[in-house]
Amino acid sequence: MSSNTIEILLVEDNAGDARLTLEAFKEGKVLNHLTVVQDGVQALAYLRRQGPYVGAKVPDLILLDLNLPRMSGREVLAQIKADEQLKTIPVVVLTTSEDAQDIARAYSQHANCYITKPVDLEQFLRVIQSIENFWLTLVRLPPNGARSAG
Amino acid sequence: MNPPLVGSYDDVLVALSVVIAIMAAYAALDLGRRITFARGWSRLLWLTGGAIAMGFGIWSMHYMGMLAFRLPVPVQYDWPTVVLSLIAAIAASAIALVVVSRPKMDLKRALLGSVLMGGGIATMHYTGMRAMRMPAMCTYSPGLVGLSVLLAIVISLVALWLTFRFRRDAAAWSWRRSTSAVIMGLAIPAMHYTGMAAVTFTPSTTMHEDLSHATSVSSLGVTAIGLATFVVLGGVLLSNLRFDSLPTPRQLIARYFLSLGLISVLAILGMLLVEHQGGQTGSRLQMALLLSVLGVLLVQGILVLRPALANIHQGISQLELAKQALQRKSEELARSNAELEQFAYVASHDLQEPLRMVASYTQLLARRYQGKLDRDADEFIGFAVDGATRMQTLIRDLLSYSRVMTQGRSLQPVDTRLACDAACENLHKAIEESGVAVSVGALPVIQADATQMTQLFQNLLGNALKYRNEQAPRIHVDARAAEKSWLFSVQDNGIGIEPQYFERIFQMFQRLHTRETYSGTGIGLAICRRIVERHGGRIWVESIPGQGSTFLFAIPRG
């Protein structure tokens, strides 16, 4: 895998949604690699390269669902943002919840942005495209080496 | 030796004495209960008052019995001796009440109590006899005197036993207590009249006794004694009647029989008075007449009044039951309605998730493979996408329908003009594309849910836009003040609606057109009606097919 491939971690328990996101990124222009984990515990293990994820790459971007089995996305977010090694990774909360309380809480836990999954496919594709355009093209992310060196 | 005087009995006075005896017995039983339950001062008070009332009752019965006995010679009474006999009666009663209200009673106590009480009663009786002043000699038959004393003791024993048995019976009136009272009440006169039979009066010309305190008993005196007895004993019994706690029909029945009883007593005493004063001819007939009238009233009370009032009472309780059942039903209905709403909300909310999968992937199929497979595949994909999309709309509408009730906000002052403008703003694309001229009149500020008002206008405007005529389409929104409400109207010059559908269009999923002609789920107007009803108003339509429709809704003015 080439060194300028963008690493994305998708935390999503719904396989249909995960695949849809994968497909949307496939249609994108930026070379990327998407890894899917299905719950909060796996997500943290991946990020901390524990257990089966010893050789895992540190992602450039995390797409996080809020409602997850075992450990919720809210908890995962709190753990990431409290972790010196991980807190610089941008976290995009991508969820079906339109609850104002969820939104406020996510931002107060330093989520980098909060997006409600659109119901319609076209809109969903557009949203993923926007994420790609903004986070993977427009934004200058912190150097990956700064994190992996730790 | 002169032949003994032959005495006769006055039936009415004998009957009266029996009635008094029964009342006294009932009072005794009742007092036993009260004294048992009373404590401290209240107990002493009840004991004293009870002994006086009961003693007076027994004494009065005895005197009525004495007066009922007629001798062919004038009889006078020595009143200090009479008072002495009254005191004996009260003492006997006090002993009885003390014995029955003790925590325990054994044979020894019961026997001692009954000897004391029976002795007291016998003392009263023979002291009372000694009070008689007349030109005659009294000789007593020892056997009968002994029998009467024995009777007094036995009756006392039975009375004590019964009273003790029933003293815990908390109910003021019961058949058991009434039956005991009648038995005791009949036994007491038996003793009395045995005692009367024990004495033989022999005429004598010489008066041995002291006449300085002697007084004759007039019929007025009899009446006074009778009345006083009824008042004292009746007071004890009536104090049990808690009128307020009785249901109304029972109160009426109790009042009826009480007043009947009072009238009877007064009438009988009055009759006695009349008879003793002058002994008018035909007074027996009058009494019979009076008694029959009273009897008729009694029978009427038992046969007519009681059943009628019982029926009314039953009717009232049935009505009460029906009311409660209705209330329960309406509560159940409200609950099941709320549950249904909750169900609709949860169902439509949770259905969205899997449906999103179906829709997304059929759309993805269409996107990737449209034109790459054969013509059939394209058509199938088309149907799948269309079905999924329509179902999404349906569920979204269903969700917003259930949200009218579950997610509604409290009613606050809302400028309906702003709500209408917001609706137009949401629809501005459709308005521009259709070329419909929308005009809005003066709209009021009302108590409403702003979001729902906007939705209401938006649905009605959306319909007017959708079912427009192509020539110079226009919509006019207006409102005017009616008597108690604001009457809003959304008027168009569109295709109109046949009158037979005026009601149906407001029902859920009711559509008048095929999907090919006009799209939609048939929920829009159902939502409108629900919103209006939540605001306490109603909505209806007036229309002429081909010329246009006017949707009207009335919202109560705060």
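A quick note: this is a predicted structure, and the numbers were derived from the prediction, not measured.

Draft legend 1. A look at the overall build of chain A. In terms of helices and strands, chain A carries 6 helices and 5 strands. Going from N to C terminus, chain A has its helices and strands arranged as β-α-β-α-β-α-β-α-β-α-α. Here chain A holds 150 residues, and 49% of them are scored as buried. Excluding contacts between residues fewer than 6 apart, the proportion of contacts in chain A whose partners are at least 24 apart in sequence is 67%. Taken as a whole, chain A presents about 7,300 Å² of accessible surface, with 52% of it coming from carbon and sulfur.

Draft legend 2. Just the overall build of chain B, in detail. From N to C terminus, chain B includes 14 helices and 14 strands. Here chain B, with 558 residues, has 42% of them falling under the buried criterion. Relative to all contacts within chain B whose residues are 6 or more apart in sequence, the contacts with residues 24 or more apart total 80%. On chain B, roughly 29,700 Å² of surface is accessible, and the fraction owed to carbon and sulfur atoms is 63%.

Draft legend 3. Molecular detail of the interface of chain B and chain A. Facing 10 residues of chain B, the contacting portion of chain A comprises 16 residues. The interface formed by chain B and chain A contains 5 salt bridges. For Glu27 of chain A, the salt bridge is made with Arg367 of chain B, and the minimal N-O distance between the two is 3.0 Å. For the pair chain B and chain A, the interface holds 7 residue pairs in polar contact (both at pLDDT 80 or more). It is helix α9 (residues 283-369) of chain B that provides the largest number of residues to the side of chain B that touches chain A, a total of 9 residues.

Draft legend 4. Just the pattern of salt bridges, in detail. Residue and element names in this part refer to chain A. One pass over the structure, following the stated rule, counts 20 salt bridges over all chains. With a shortest N-O distance of 2.9 Å, Glu12 and Lys117 are connected by a salt bridge. In this pair, Glu12 is assigned in the loop between β1 (6-11) and α1 (15-26) and Lys117 in the loop between β5 (113-116) and α5 (121-138), connecting sequence segments 105 residues apart. For Lys117, a relative accessible area of 7% translates into the label buried. Where Glu84 meets Lys87, a salt bridge forms, and the shortest distance between an N and an O atom there is 3.1 Å. The class of Lys87 is partly exposed, set by a relative accessible area of 37%.

Draft legend 5. Region of the structure containing helix α2 (residues 40-47) of chain A. Residue and element names in this part refer to chain A. By the criterion of burial, α2 is predominantly enclosed, with 6 of the 8 residues buried. What α2 keeps buried is the set Gly40, Ala43, Leu44, Ala45, Tyr46 and Leu47. The inward-facing, buried residues of α2 abut β1, β2 (32-37), β3 (61-64) and α3 (73-82). Of the residues that open α2, the one with a side-chain oxygen 2.9 Å from the backbone nitrogen of Val41 is Asp39. At the exit of α2 stands Arg49, carrying a positive phi of roughly 55 degrees.

Draft legend 6. Looking closely at the sheet that holds strand β13 (residues 538-544) of chain B. Residue and element names in this part refer to chain B. Taking strand neighbours across the sheet as the criterion, the 5 strands line up as β9-β11-β12-β14-β13 in an open arrangement whose pairing is mixed. Edge positions in the sheet fall to β9 (437-440) and β13, since each of these pairs with one other strand and no more. Sheet twist, expressed as the mean angle between neighbouring strand axes with direction ignored, is 15 degrees. In terms of strand pairing, strand β11 (residues 474-481) meets strand β12 (residues 485-492) through 7 bridges, oriented antiparallel. Looking at β12, one finds that Arg480 is bridged to Leu487.

Draft legend 7. Expanded view of helix α14 (residues 524-534) of chain B. Taken together, the buried positions of α14 of chain B are Leu525, Ala526, Ile527, Cys528, Arg530, Ile531 and Val532 of chain B. Backbone geometry just after α14 of chain B places Gly536 of chain B at a positive phi near 75 degrees.

Draft legend 8. The confidence of the model for chain A, seen in detail. With 93% of its residues at a pLDDT of 70 or more, chain A has an overall mean of 84. Within the model, the stretch residues 146-150 of chain A combines pLDDT values under 50 with 9 contacts to residues more than four positions away or in other chains.

Draft legend 9. Broad picture of the sheet that holds strand β7 (residues 214-216) of chain B. Spatially, β4-β3-β7 (chain B) is the arrangement adopted by the 3 strands of the open sheet, whose pairing is antiparallel. Two strands lie at the open edges of the sheet, namely β4 (132-133) and β7 of chain B, each paired on one side alone.

Draft legend 10. Structural context of the environment of Gly234 of chain B. Along the chain, Gly234 of chain B turns up in helix α7 (residues 219-238). Not counting residues within four places of it along the chain, the set of residues in contact with Gly234 of chain B comprises Met23 and Thr229 of chain B.

Draft legend 11. Inspection of the confidence of the model for chain B at higher detail. Residue and element names in this part refer to chain B. With 91% of its residues at a pLDDT of at least 70, chain B reaches an overall mean of 81. Averaged over each element, pLDDT in chain B is lowest for β7 (70) and highest for strand β14 (residues 548-556) (92). Among the scores for the predicted complex, ipTM is 0.75 and pTM is 0.47.

Scoring rules and cut-offs
Residues numbered from 1 in each chain as written. Chains lettered and ligands numbered in written order. Predicted model: local features only at pLDDT ≥ 70, side-chain atom pairs only at ≥ 80, totals over all residues. Heavy atoms only, no water. Helix = DSSP H or I, 4+ residues; strand = E, 2+ residues; numbered from the N terminus. Buried < 20%, exposed > 50% of the residue type's maximum accessible area, 1.4 Å probe, protein only. Contact = heavy atoms within 4.5 Å. Areas by Shrake-Rupley, 256 points an atom, 1.4 Å probe, with all protein chains shown as cover. Salt bridge = Lys/Arg side-chain N within 4 Å of Asp/Glu carboxyl O. Polar contact = N/O pair within 3.5 Å; in protein donor to acceptor, adjacent residues only side chain to side chain. Pairing = 2+ DSSP bridges. Axes fitted to C-alpha atoms, helices over the stretch in contact; angles between N-to-C directions. pLDDT = per-residue confidence, 0-100.

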